[in-house]
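Structure assessment
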Amino acid sequence: MKIERVDEKTVKCFLSNEELEEYDISYKDFVTRSDKAREVVEVIMAQAVEEVDYKPPHFAFDLQIMLLPDQGMILTFTERTPEDLKNSANLINYLKEMRRILKEKLGMDGSAVAGLLTQAMLMAVGQSGEQGSSGSEDVSQKEQKETQKPSFAIFRFADMRSLCEYAKVLPKNLRVISRLYRDGGTYYLYLERGGASYERYSRASIQALEFGELFAATEDKLVYLEEHGECLIGEKAVARLRL
């Protein structure tokens, strides 16, 4: 077990295949946060405190998992403060409530609701601020802001009919990257921004909530889906589902 301190809030741990076998633990345990995974995390945190003077999160942490073929895996722990979680939860709850009011109280159709929610999301991630800036911000800062915006998401659909109906409402010239997976009787659509503008990608993501639900937007869940799910359409899934 090799521990590396990244910064004040982040620590990385490399677990070899031999150590994973010794702990009798797999990738799935960490994704599902099983009891075995919690025990191993406690061991990692204790070792991090001793070796790199790391202070374990007081509230919660994000866990990212990277598999290294024939070697093992790297676990990255990043502390999340109550304010971080509050901000994320507030945005999600705000969008949900806004969607309910627009549909139920004002009687707006799905397309109009998606447009307004897209504007709200773009404002939340700071795009409006960028458009109104004086131009003094350098290119590297703008690129950093761009990379912080979510670039892909995975949506879950209960059946193929809902998935096809969603695909039909999307513009034919929408330049997103899409793949379709199936795990059990559930369908998962991977949607990546690709060559689409962030506004069009956000709109497509919000429209997906009319037909399915958000499953994840993190690499670890994508890796899990690629390993345990069945890839039905490897590229241009949205275009093929529209036919």
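As shown above, the structure is provided for reference.
In this text the structure is predicted, and so the values were computed from the model without any measurement. (Residues numbered from 1 in each chain as written. Predicted model: local features only at pLDDT ≥ 70, side-chain atom pairs only at ≥ 80, totals over all residues. Heavy atoms only, no water.)

Here we take up the overall build of the protein chain. Each helix and strand in the protein chain was counted, giving eleven helices and nine strands. Sequence separation of at least 24 residues holds for 66% of the intrachain contacts in the protein chain that already meet a minimum separation of 6. (Helix = DSSP H or I, 4+ residues; strand = E, 2+ residues; numbered from the N terminus. Contact = heavy atoms within 4.5 Å.)

Attention now goes to the sheet that holds strand β5 (residues 152-157). Here we have five strands laid out as an open sheet, ordered β8-β5-β7-β6-β9, and antiparallel in their pairing. Each edge of the sheet is formed by a strand with only one pairing partner; in this case those strands are β8 (213-216) and β9 (230-233). Sheet twist, expressed as the mean angle between neighbouring strand axes with direction ignored, is 35°. One ladder, built from three bridges, connects β5 with β8; its direction is antiparallel. (Pairing = 2+ DSSP bridges. Axes fitted to C-alpha atoms, helices over the stretch in contact; angles between N-to-C directions.)

Let's shift gears to helix α9 (residues 198-208). Across the eleven residues that make up α9, a large majority, eight, are buried. Taken as a whole, α9 has its buried residues at Tyr198, Tyr201, Ser202, Ala204, Ser205, Ile206, Gln207 and Ala208. If you check the start of α9, you find a side-chain oxygen 3.1 Å away from the backbone N of Arg200, and it comes from Ser197. (Buried < 20%, exposed > 50% of the residue type's maximum accessible area, 1.4 Å probe, protein only. Polar contact = N/O pair within 3.5 Å; in protein donor to acceptor, adjacent residues only side chain to side chain.)

Turning our eyes to something else, we now look at the nonpolar core. Counting residues in each nonpolar core, the largest one holds 29 residues, and the members touching the most others are Tyr166 and Leu191. Only β5, α8 (160-169), β6 (177-183), β7 (186-192), α9, α10 (219-228) and α11 (237-242) provide two or more residues apiece to this core. When residues no more than four places from it in sequence are discounted, the contact partners of Tyr166 are Phe157, Leu189, Leu191, Ala204, Ser205, Gln207, Ala208 and Phe211. (Core = buried A, V, L, I, M, F, W, Y, C linked by side-chain atoms within 4.5 Å.)

What follows concerns the environment of Tyr181. As for its position among the elements, Tyr181 is in strand β6. According to the relative accessible area criterion, Tyr181 is buried, its value standing at 4%. Put simply, Tyr181 and Glu230 are 49 residues apart on the chain and 5.3 Å apart in space, counted from C-alpha to C-alpha. Engagement of the side chain of Tyr181 in a polar contact is seen with the side chain of Arg179, the distance being 3.0 Å.

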